Amino acid sequence: MVPVRVFNRYTKTRAKLDAAPWMVFMPDVFEMYPELLKDYKVPDYFSEEDDFMTGVPDDLRMDWRWIIMAPRGSGSGWHCDPANTTGWLALATGAKLWGLYPPEQAHIPGTLLKA
């Protein structure tokens with residue numbers, strides 16, 4: 001675990017020199033800070049009826065809510081979200097560039113095909 005003060009110092013000094021900057025991934029953020037749940041609402045576009053994980057009790061469900069903090073120049077490569085889940089993003093500051101393929105695209109470059 002990296003203290004926030006260390007990550008903050010890193011983002012201001014070394015992050016711009018790294019090819020793959022550090023990212024802070026907090027899947028337990030709502031257990032640590034339950035008051036944040038009042039500000040968390042799944043957008044209507046992502047219907048719960050389309051998310052098969054909705055029927056799984058929270059204590060058995062894989063991580064599905066998290067906060068990611070990352071410096072300028074960070075990001076992830078092409079990927080598919082796990083277990084047929086849907087993801088959405090709320091950006092607090094900065095800008096994010098997304099690359100999307102149409103639903104009929106059979107294979108996304110850079111991702112592994114699963115048998």
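Structure report, in brief. (Residues numbered from 1 in each chain as written. Predicted model: local features only at pLDDT ≥ 70, side-chain atom pairs only at ≥ 80, totals over all residues. Heavy atoms only, no water.)

**As for the overall build of the protein chain**
Logical step 1: Summing up its helical and strand segments, the protein chain has two helices and two strands in all.
Logical step 2: Beginning at the N terminus, the succession of helices and strands in the protein chain can be written as α-β-α-β.
Logical step 3: For the protein chain, restricting intrachain contacts to residue pairs at least 6 apart in sequence, the fraction spanning at least 24 positions comes to 63%.
Logical step 4: Carbon and sulfur atoms form 59% of the exposed surface of the protein chain, whose accessible area is close to 9900 Å². (Helix = DSSP H or I, 4+ residues; strand = E, 2+ residues; numbered from the N terminus. Contact = heavy atoms within 4.5 Å. Areas by Shrake-Rupley, 256 points an atom, 1.4 Å probe, with all protein chains shown as cover.)

**Some points on the packing of aromatic side chains**
Logical step 1: Scanning the model with the defined rule gives four aromatic pairs in all.
Logical step 2: Between Phe30 and Tyr40 the ring centres are 5.0 Å apart and the planes differ by 65°, which places this aromatic pair in the edge-to-face class. Taken together, the positions of Phe30 in helix α2 (residues 29-32) and Tyr40 in the loop between α2 and β2 (67-69) put the pair 10 residues apart, joining distant regions of the chain.
Logical step 3: The buried category is assigned to Phe30, whose relative accessible area is 8%.
Logical step 4: An aromatic cluster is present here, built from Phe7, Tyr10 and Trp22 joined pairwise through their rings. (Phe/Tyr/Trp six-rings, centres within 6.5 Å; stacked < 30°, edge-to-face > 60°. Buried < 20%, exposed > 50% of the residue type's maximum accessible area, 1.4 Å probe, protein only.)

**Description of a negative patch on the surface**
Logical step 1: A cluster of acidic side chains, namely Asp28, Glu31, Asp58, Asp59 and Asp63, defines a negative patch on the protein surface.
Logical step 2: By relative accessible area, Asp58 is classed as exposed at 52%. (Patch = residues over 30% accessible without salt bridge, like charges linked within 9 Å, V, L, I, M, F, W, Y side chains within 5 Å. Salt bridge = Lys/Arg side-chain N within 4 Å of Asp/Glu carboxyl O. Lys, Arg positive; Asp, Glu negative; His and termini not counted. Charge placed at Lys NZ, Arg CZ, Asp CG, Glu CD.)

**So, the pattern of salt bridges**
Two side chains of opposite charge can pair, provided their charged atoms sit close to one another.
Logical step 1: Taken as a whole, this structure holds two salt bridges when the rule is applied.
Logical step 2: For Asp39, the salt bridge goes to Lys38, with nearest N and O atoms at 3.7 Å. Summarising the burial analysis for this pair, Asp39 and Lys38 share the class exposed.

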